[in-house]
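Residue strings, one per chain:
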Amino acid sequence: MARYIGKEMSRVDGVAKVTGKAKYAAEFAVPNVAYGFIVNGSIAKGAITAIDTQEAERVAGVIRVFTHLNTPKLGPKPASNEQAPPRGAQEEEDKSFRALQSERIFFNAQPIALVIAETYEAARFAARLVKVTYSPEPHVTDTETVREGARQPKQGPPPKPRGNPEEAMRNAPVKIEAEYRIPIEHHNPMEPHGAIALWQDEKLTIFDKTQGVYSLREHLASTFGVPPENVSVVSPFVGGAFGSSLRPNYYPALTAMAARELKRPVKVVYTRTQMYTGHGYRPYTIQKIALGAEQSGKLSAMIHEAVHNTSATEEFNDNTTNFTRQVYACPNLFAPTRITNTDLSTPVWMRAPGAVSGMFALECAMDELAYELNIDPLELRLINYADVDPESGKPWSSKALRECYRLGAEKFGWKDRKMEPRSMRDGRFLVGWGTATGVWGAFQRPASATITLRANGTANVASATSDIGPGTYTMMAMIAAEYLGVKLEQVNCELGDTKFPRAPSQGGSQTTSSVGSAVYGCALAIGAKLLELANQDAKSPLKDTAADDIEMLDGRLQRKSDTSRFVRIADVMKRHRLAEMTETHESKPSPERQKYALLAHGAQFVEVKVDPDLGTVHVTRVNELTACGKIINPKASHSQEIGGVVWGIGMALQEATEIDHRYGRIMNPNLQHYHVPVNADIHAIETSFVEEDDKIVNPLGVKGMGELGMVGIPAAIANAVFHATGKRVRELPITPDKLL
Ligand code: MOS
């Protein structure tokens, strides 16, 4: 009987977070710290011809103004890039953009100087006095204009067709073809990115907002040419990141450079506006989809081609079309993702990267096909249900999507839907009901953790993983408490520090499967060790007990199959003069996983009400059903899925980073003009889990679920808007102007 796993637990770090005890990167008190303020350029492409820092340097309290003229060369040297969560990411050279390395300008608002002063105010004031002249060159920031030049990215799966999609498309009795667009979007976490760096001789300590302390360590080691062990990264709390701290951003290296040059601790924090160019973003994505089907609704051909932008300096690819290969049973398919250069900063993974974009297009296209065929959109999905992985032919390790569809339809009341657009009303509002499918991977990566169990029954759990907000501290504590048989309050967790055992970056919804498995493995190792120690006593009641037949509970090590046979853990430790015992465990994805296809799935049902005079859309009701293995902490997990729905509403109706292409400059880099949902935009959201008993995916049976919650929502909303209005909006966000 599980005491913690599967139970609703409040987050163990909640009180620390709301009382301000939890320290975020820029909040650490470091004596003698100097403050840096970044100066951003104002052209999109070209070169700096002159930069005058004299006036800035004369400001009281200014210590140094770094520009490309007095900044040492920083990396890059080859480094591993292990932070990539989605598939297709491989080892690659760390070519991430490093600031102040030359007079060249690659994107608008590129950092061109860093002012260091005794106070933040002095640095910020002096930053305005730096004078720059440029020699501008023609730039391209509109992905539409460079769409034709799109190329296959080096990273990612090759675009191999399945079957003969073109011929199948020609022969299909029913077909639809459409193009969909997603603008650039930004993550906008609450906590602005920031770092404090200090050097002691050749050793760097950096407090940084990061999703991966080890990947940042490697980036900085390669940047400064020091061994990775010389770099300590500390990141115990992260106020949201969503992918924006997965790849190296330029400010940690810049901060550490200044600290090294000045032989003094330096702190740099982005302003909200600097975040729009200081970390990545969801790329501008154009998708063309053609679907061919029989009259029965069976798909015979799918051609899904995506193009998105990258920067001129780095190749980024979010594998937009990747999941299309596995969603529906279809023998003929072509689904490439191509990239094209723009003179913007480099995009990055953003919540449900690739998946939410690709599934927006695919799931809208499925709705269009449903209308072409006059088949209920949910029915069309069931007709094309993939009982095995259509890509590999492998069986699923588990897939409860059918039950998600069934239960979701029942909860939502889908059977009362009238097929005809504009056929449902609530007073003067047009009512629309839409559905879509969600999909995400069930990733697992090698991860390590360590547990120290003390004779007094308390335990300490540590792993280097970040907790960017989903409740990782709590998950670790729950798993440890469950398998050590102690109380949750007896477990202390530590994370987000390179002094702890290696763990993957937190991203891609893989932490519980990876780090949770490592914590579980540590607890088992402690049990096995205790059994061995206990059985050194000839009179041990646990003689001849198999290691997998023992468990720890309430201070006892006992036989699972006969709990009257036990030893007291404290007694065993005392007899062996142990005040505590420590086990470190590395968990790895099992070879068994190779034999199966592993995905997490979801189904979404959405009601919108559209004001026919104003074109405003209200998402009045959402039922989201997800099947993502075992749920460790339903409270935190529902929060993840609700958050996914809210973000999906933002993506569907509000979010867009607007660029003035004449200057290649972002026009709305702030929370006043970049719209995200507020409380008034959010109505009834019900999330439900259809739990899967999956012994293949990992010992805990967990799949990724955080990113999953968002996938499908924008499509379901767009489909509901079509149902309400008869207008098919294929370009996000669906703002009132597009409906009038
Ligand atoms: Mo994940 S892209 O780090 O939200």
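Residues numbered from 1 in each chain as written. Predicted model: local features only at pLDDT ≥ 70, side-chain atom pairs only at ≥ 80, totals over all residues. Heavy atoms only, no water.

Caption draft 1: Structural context of the sheet that holds strand β25 (residues 599-610). Reading across the sheet, the five strands line up as β16-β17-β25-β26-β29 and stay open at both edges, with mixed pairing between neighbours. At either end of the open sheet lies a strand with only one pairing partner, and these are β16 (424-426) and β29 (684-689). Recorded for the sheet is a direction-independent mean angle of 25° between the axes of neighbouring strands. Where strand β17 (residues 429-441) lies against β25, twelve bridges are found, and the strand directions are antiparallel. Across the sheet, residue W440 finds its bridge partner in β25, namely A600. Contacting β26 (617-627) and β29, helix α15 (residues 634-653) runs over the sheet at an angle of about 130° to β29. (Pairing = 2+ DSSP bridges. Helix = DSSP H or I, 4+ residues; strand = E, 2+ residues; numbered from the N terminus. Axes fitted to C-alpha atoms, helices over the stretch in contact; angles between N-to-C directions. Contact = heavy atoms within 4.5 Å.)

Caption draft 2: Quick look at the nonpolar core. Judged by nonpolar contacts, the single largest core of 92 residues is most densely connected at L291, L362, L369, V608 and I717. Take this core: its biggest share by element is twelve residues, from helix α9 (residues 355-373). Ranked by size, the runner-up nonpolar core spans 50 residues in total, among them I5, M9, L484 and M581. (Core = buried A, V, L, I, M, F, W, Y, C linked by side-chain atoms within 4.5 Å. Buried < 20%, exposed > 50% of the residue type's maximum accessible area, 1.4 Å probe, protein only.)

Caption draft 3: Inspection of unusual backbone geometry at higher detail. With omega at -5°, the peptide bond leading from L732 into P733 counts as cis. Examined against the element boundaries, P733 turns out to sit in the loop between α16 (713-725) and α17 (736-739). Phi at N32 takes a positive value of approximately 65°, unusual for a residue other than glycine. Structurally, the position occupied by N32 is in the loop between α1 (14-19) and β1 (34-40). We note that F242 has phi near 60°; this positive angle belongs to a residue other than glycine.

Caption draft 4: Just the pairing of β1, in detail. The buried fraction of β1 is high, at five of seven residues. Looking at chain direction, β1 and strand β11 (residues 266-269) are connected through three bridges and run parallel. Looking at β11, one finds that Y35 is bridged to K267. Where β1 lies against strand β5 (residues 111-117), six bridges are found, and the strand directions are antiparallel. From the neighbouring strand, G36 faces β5, where its bridge partner is I116.

Caption draft 5: Up close: the side chain of E583. Inspection of the secondary structure assignment puts E583 in strand β24 (residues 580-587). Since its relative accessible area comes to 18%, E583 is described here as buried. Not counting residues up to four positions away in its chain, the partners in contact with E583 are A449, T450, I451, C522, A525, I526 and K529.

Caption draft 6: Fine view of the sheet that holds strand β23 (residues 566-568). The sheet built from three strands is open, its strands ordered β21-β22-β23 with antiparallel pairing. Edge positions in the sheet fall to β21 (550-553) and β23, since each has one partner strand and no second. Put simply, the sheet's adjacent strands are angled 20° from each other on average, direction ignored. Of the strand pairs in this sheet, strand β22 (residues 556-559) and β23 are connected by three bridges, and their pairing is antiparallel. What sits directly across from Q558, in β23, is F566.

Caption draft 7: Structural context of the confidence of the model for the protein chain. The predicted model of the protein chain averages 96 in pLDDT, with 97% of residues at 70 or higher. Least confident of the elements in the protein chain is α1, whose mean pLDDT is 96; most confident is β5, at 99. (pLDDT = per-residue confidence, 0-100.)

Caption draft 8: How the structure looks around the pattern of salt bridges. Summed over all chains, the structure comprises 42 salt bridges. For E118, the salt bridge is made with R264, and the minimal N-O distance between the two is 2.7 Å. Placement of E118 in the loop between β5 and α3 (120-127) and of R264 in the loop between α6 (250-262) and β11 is noted, with a sequence separation of 146 residues between them. Residue E118 is classed as partly exposed on the basis of its relative accessible area, which comes to 39%. Residue class for R264 comes out buried when judged on its relative accessible area of 15%. Of the charged contacts in the structure, one is a salt bridge between K630 and E691, with a shortest N-O distance of 3.8 Å. Pair noted here: K630 is in the loop between β26 and α15 and E691 is in the loop between β29 and α16, with a separation of 61 residues, a long-range link. Using a relative accessible area of 30% as the deciding quantity, one classes K630 as partly exposed. Given a relative accessible area of 42%, E691 falls into the partly exposed group. (Salt bridge = Lys/Arg side-chain N within 4 Å of Asp/Glu carboxyl O.)

Caption draft 9: Spatial organisation of the packing of aromatic side chains. Enumeration over the complete set of coordinates arrives at 23 aromatic pairs. When the centroid spacing of 6.5 Å and the interplanar angle of 80° are considered together, the rings of F97 and F106 count as edge-to-face. With a centroid separation of 6.4 Å and an interplanar angle of 70°, the aromatic rings of Y385 and Y405 are classed as edge-to-face. With a gap of 20 residues between them, Y385 in the loop between α10 (377-383) and α11 (401-412) and Y405 in helix α11 connect regions that are remote in the sequence. Take Y405: its relative accessible area is 2%, and that puts it in the buried class. (Phe/Tyr/Trp six-rings, centres within 6.5 Å; stacked < 30°, edge-to-face > 60°.)

Caption draft 10: Examining the domain arrangement of the protein chain more closely. When cut into domains, the protein chain gives domain 1 (14-19 + 444-591) and domain 2 (346-443 + 594-739). With 20 residues of domain 1 in contact, the opposing surface of domain 2 contributes 19 residues. Three residues, Q444, G508 and S509, lead the burial of domain 1 against domain 2; their summed loss comes to 32% of the area buried on that side. Taken together, the connections running from domain 1 to domain 2 amount to zero salt bridges. Scanning the region where domain 1 abuts domain 2 turns up six residue pairs in polar contact (both at pLDDT 80 or more). (Domains from an automatic or database assignment. Buried area = accessible area lost by both parts, 1.4 Å probe. Polar contact = N/O pair within 3.5 Å; in protein donor to acceptor, adjacent residues only side chain to side chain.)

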